[in-house]
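Chain residues, written in single-letter form:
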Amino acid sequence: LQEVADFSSVRYLRLPRKPIPFVISEGVEKTEADEWQTIISYRSAENVKVCILDLGFQGYNALLGTELPSSVTTRSFRADGDLYASAHGTACAEVVHDMAPDAELWLVNFSTDVEYHNAVSWIIDQGMADEDQKVDIISCSVGWLNSGAGDGTGLICADVKNAYDNDIIWVSAAGNEAERHWEGAFRDPDADDWCNFEDPAQGEDEWFTFYAVAGTTYQVALNWDDWGTWNGSNYSYSEGNDYDLFLYDSGGLVIAASNNDQTAGAEPEETITDTAVSTGWRYIRIYKWHAPRDCKLELFFWGGSDLEYSEPPGSLAIPADSPYAIAVGATDWSDDSIHSYSSRGPTEDGRIKPDLVAPSGVSSATYGDLGFSGTSASAPHVAGAFALLIAKLPYTVDEIKSIIEARALDLGSSGKDNIFGLGRLKLSKGTEEEIEFSEDGANVN
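Residues numbered from 1 in each chain as written. Predicted model: local features only at pLDDT ≥ 70, side-chain atom pairs only at ≥ 80, totals over all residues. Heavy atoms only, no water.

## Looking at the nonpolar core
Defined as follows: In these notes, a set of buried Ala, Val, Leu, Ile, Met, Phe, Trp, Tyr and Cys residues joined through side-chain atoms within 4.5 Å is what counts as a nonpolar core. Note on exposure labels: buried denotes an accessible area under 20% of the residue type's maximum, exposed denotes more than 50%, and partly exposed covers the range between, all computed with a 1.4 Å probe on protein chains only. Only runs of H or I of at least four residues qualify as helices and only runs of E of at least two qualify as strands under DSSP, and these elements are numbered from the N terminus.
Residues I52, L105, I137, V382, L389 and L427 are the most contacted members of the largest nonpolar core, which totals 51 residues. Counting only elements with at least two residues in this core, the list comes to β1 (49–54), α4 (88–99), β3 (104–109), β5 (169–173), β16 (326–332), β17 (356–360), α7 (375–392) and α8 (397–407).

Written out as structure tokens, the structure is:
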């Protein structure tokens, strides 16, 4: 270019113009990812591939070349093939692109657990058939309730392990259920077979209260510790304890009930989904149909107000409980405070989760200024951080994972805990550290 500029006939010369994203997540600067983005990539021969595995990518086309890369790979595993069923995945993809602008993005969606399994299998198969098509990272900001024992087992978590076994990093949103979760042993002091909840103000209470707004669809999910042993494909459901779930309106009338027959081999769970026809209070009750022992019950609620008696510990969604997933909780981007909804551990087998926390309440083109909240926004920050460092550093994935974990900003109690994990994503140790590369980008301080 300098030689061309020296010609007397040349009056003006410029470099090609590159598009700049119009909306950049506040999490980029907060996590100090921007310090890495201008460094020469060590692995310049190929882009790191990140798959956003989600429910839909509405509006992604209009963002190509600005908020997203100029081209992306897409695939829908929904029965109807609708890639645009939700805008949720588009916002997640925006965050990954903000964190790692050079990463190649795959947008893959599904709507059921069967489609999810097919999608994960397809992603893995692409890399097995052609190494150049291997996905490096899966960012999944979707979770399940009542789909496993909460100890990292079950079909949903099995797909995470399959990805891990094929050298794919799985980053999972921890969930937003901390204030919509309760667990405790079945108690029945009056021997009427209805579960009692301890009310700090009134003593015993058999009516679990929440508030619903007309037109709102909500879900109540109950499961208990009778999953039995996981053999890699099925649970044994060893004891056949049977509890039923009932939903009442403000007048005490039954709206809906779930009474699967666990004595006949049904999974130890009951689920009710309802759309409120009027605004007002609703009540949950749990009935013991047949149970040789008082099981540990777990109740989740989705789509309405917080539950009357909430228990944040153990509120992880599945597959964030998997030991092969990096589970991510949500902190406020402005002050690092934990969001009250952010799900937390421990897992049912006693492991500490989440693994990290990352910014939430950030800006995106999809959801507007500071409009993208939840652990759904936090997880793609971590996925993008992995993509960024894998490209920039000459280290193995395990070494990069160790770097990210070691540099996390410890919050809360010292060390890893069930609220903040190892701490908030932070990609440099501090102002005293300089990141230095040689000319070929191979040496890192």
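## So, the confidence of the model for the protein
To keep things clear, this is the line we draw: Scored from 0 to 100, pLDDT reflects the predictor's confidence in each residue. Between two residues, a contact is recorded if the distance between any of their heavy atoms is within 4.5 Å.
Averaged over the protein, the pLDDT score is 91; the fraction of residues at 70 or greater is 92%. Within the model, pLDDT remains below 50 along residues 17–21, and this stretch shows five contacts once partners closer than five positions in the same chain are excluded. In this model residues 430–445 is a low-confidence stretch, pLDDT under 50, and it forms 28 contacts with partners more than four residues away in sequence or in other chains.

## Thoughts on the pairing of β3
Along a regular strand, successive side chains alternate from one face of the sheet to the other. Definition in use: By the convention used here, strands pair only if DSSP detects at least 2 bridges between them.
Burial runs high along β3: five of the six residues are buried. When β1 meets β3, the two strands line up parallel, connected through six bridges. Bridging from a neighbouring strand, V50 pairs with L105 of β3. Where strand β2 (residues 73–76) lies against β3, four bridges are found, and the strand directions are parallel. If you follow R75 over to β3, its bridge partner there is V108.

## Some words on the packing of α4 against α7
Geometrically, a packed helix pair is captured by the angle between its two axes and the distance between the axes. Rules: Between N-to-C directions, angles span 0 to 180 degrees; the directions come from axes that are lines fitted to C-alpha atoms, helices contributing only their stretch in contact. Note on convention: the crossing is left-handed when the near helix lies turned anticlockwise from the far helix by less than a right angle, right-handed when the turn is clockwise. Think of it as three bins: nonpolar holds Ala, Val, Leu, Ile, Met, Phe, Trp, Tyr, Cys and Pro, charged holds Asp, Glu, Lys and Arg, and polar takes everything else, Gly as well.
Orientation of α4 relative to α7, taken along the N-to-C sense of each, is 35°, at an axis distance of 8 Å. The two elements α4 and α7 cross, and the hand of that crossing is right-handed. Contact residues: H88, C92, V95, V96 and M99 in α4; S376, A377, P380, H381, A383, G384, A385 and L388 in α7. The class makeup of the residues in the contact of α4 with α7 is nine nonpolar, four polar and no charged.

## Some points on α4
Residues that lie three or four places apart on an α-helix share one face, since the helix turns once every 3.6 residues. Spelled out, the test is: To estimate how far a helix should reach, multiply one less than its number of residues by 1.5 Å.
The terminal C-alpha atoms of α4 lie 17 Å apart, and with twelve residues this matches the ideal 16 Å at 1.5 Å per residue to within 8%. Of the residues making up α4, those classed as buried are H88, G89, T90, A91, C92, A93, E94, V95, V96, H97, D98 and M99.

## Comments concerning the environment of I138
Summarising the element assignment, I138 is placed in strand β4 (residues 137–140). Taking the C-alpha atoms as reference points, I138 and S363, 225 residues apart in sequence, are found 22 Å from one another. Setting aside residues up to four positions removed in sequence, I138 forms contacts with C51, L53, I123, A163, I168, I169, W170 and V171.

## Brief notes about a nonpolar patch on the surface
Note the threshold: Exposure above 30% relative accessible area and no salt bridge define the residues that can form patches, which grow by joining like charges within 9 Å and nonpolar side chains of Val, Leu, Ile, Met, Phe, Trp and Tyr within 5 Å. Areas reported as accessible are Shrake-Rupley estimates using a 1.4 Å probe. Residue values count occlusion only from the protein chains shown. Salt bridge criterion: a side-chain nitrogen from Lys or Arg within 4 Å of a carboxyl oxygen from Asp or Glu.
A contiguous nonpolar surface patch, about 410 Å² in accessible area, is contributed by L1, V4, F7 and L13. When you line up the elements, F7 lands in the loop between α1 (2–5) and α2 (26–30).

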